[in-house]
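# Structure assessment
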Amino acid sequence: MAPIRIVPVFAAILWTGFAFSYGTPETLKAELKDGDDLSFSNDAKGDLSAFTNLSNSLFAPHRKGGEKLPALVIFHTCGGIKQNIRDWTGVALKAGYVVLVPDAMRGLRSDCGSPPQIPNARLIKDALDGVAHLATLPYVDSKRISILGFSKGALVATWLASSGVANALRPGTPSIASTVSVYGFCALGPTRNRPQGVTILQPDTDRPHLMLLGGQDNETPPASCLERLPKLKESGAPVQWHLYPEATHSWDASDLDGFSKVAYNNERVTYKYDREITEDSRRRVLDFLSVTAGKK
């Protein structure tokens, strides 16, 4: 088994002894400036094909009579809606979830730089707007709406494991049942653009939260999460996590297998699709959701 690679700039990101100031409910609220909210479809699609438009689209499985179903907001990476989001939408739909796929890119092809062109607070608000929209649908159980995010979407999901963040950015949003982060991270040390550092996994995390992490991920390294999560769990926070030692970033993206780039942290990253890890990820996510927000 290859050793887990920890990128030096992240190795000093510790749960203790470092004062993070960006990423709190207060700083995110201050960052949420005027801007266009997303508009979501009210007409649910029942079928999903390689040509189905996912952008801000709603999907619903077959339902019986007045049955109310659990729902899932699936949030994309900084590269937008790709094949993995289509694949996960199909998995969730087949498992009996109503699915909403926000397209937060607002015409951008990519927003992977630092600082981002779209503020993090706006992305979090997009996810909350999605939750609120799902709660208005007569066939959705408003108490069983969860968020599943990937990479930058994983950061959104992790922030929203805190009711404090949700209440700061969209007061009155129905309570989120649970959140899932796939290849995200939890904190970032000082950077040129954010010298105060960033905290994503909040000390007041109170939603059931699952994090799936890649040991060979040098785009969103797991070190900050592996440091923070045990301490949060010891304090009583409902957090779970699983590390795939051999997984890189975007291990579920079959269309990006072998893709290489220089990431925001100046690291050369290469994605490696892993079918076995992808299948295990889906099982873990569905098992988690079935307990926290699944069918009654």
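Up top you'll find the structure we're talking about.
The text that follows walks through the structure, step by step, so that each part is easy to find. Position labels on residues start from 1 in each chain and follow its written sequence. Residue-level local features of this predicted model are given only where pLDDT is at least 70; pairs of side-chain atoms are given and counted only at 80 or more, and the full residue set underlies all totals for whole chains, interfaces and linings. To obtain the side-chain values, all non-hydrogen atoms of the structure were included, while hydrogens and water were left out.

### Quick word on helix α4 (residues 120–135)
Helix and strand assignments come from DSSP, with helices taken as H or I runs of at least 4 residues and strands as E runs of at least 2, each series counted from the N terminus. Helix span, as expected, comes to 1.5 Å for every residue beyond the first. For α4, spanning 16 residues, the distance from its first C-alpha to its last is 23 Å, which sits close to the expected 22 Å at 1.5 Å a residue. Taken across its 16 residues, α4 has 15 buried, putting it largely inside the fold. With a 1.4 Å probe rolled over the protein chains alone, any residue whose accessible area is under 20% of its type maximum counts as buried; one over 50% counts as exposed, and the rest are partly exposed.

### Looking at the side chain of Ser 151
Here Ser 151 shows up in the loop between β4 (140–150) and α5 (152–159). Accessibility expressed as a relative area gives 6% for Ser 151, which makes it buried.

### Describing the sheet that holds strand β5 (residues 178–182)
Read from one edge of the open sheet, 7 strands run β1-β3-β2-β4-β5-β8-β9, paired in mixed fashion. Unpaired on one side and paired on the other, β1 (57–59) and β9 (239–244) mark the two borders of the sheet. Across the sheet, the mean angle from the axis of one strand to that of its neighbour is 15°, orientation sign disregarded. Strand direction decides the pairing type here: strand β2 (residues 69–75) and strand β3 (residues 98–101), joined by 3 bridges, are parallel. Note that in β3 the partner of Ala 71 across the bridge is Val 98. In this description, strands pair whenever DSSP reports at least two bridges between them. Geometry is summarised by axes, namely lines fitted to C-alpha atoms with helices restricted to the contacting stretch, and by angles between N-to-C directions that run from 0 to 180 degrees.

### Structural notes on helix α7 (residues 223–234)
Taking 1.5 Å of rise per residue, 12 residues should cover 16 Å, and α7 covers 18 Å from first to last C-alpha, within 8% of that figure. If you check which residues of α7 are buried, you get Ala 223, Ser 224, Cys 225, Arg 228, Leu 229 and Leu 232. Backbone geometry just downstream of α7 places Gly 236 in the positive-phi region, at approximately 105°.

### Looking at unusual backbone geometry
Pro 115 follows Ser 114 through a cis peptide bond whose omega is 0°. As for its placement among the helices and strands, Pro 115 is situated in the loop between β3 and α4. A positive phi angle, near 55°, is found at Arg 106, a position not held by glycine. Among the secondary structure elements, Arg 106 is positioned in the loop between β3 and α4. With phi around 45°, Tyr 183 is a residue other than glycine that occupies positive phi space. Note on placement: Tyr 183 falls in the loop between β5 and β6 (187–188).

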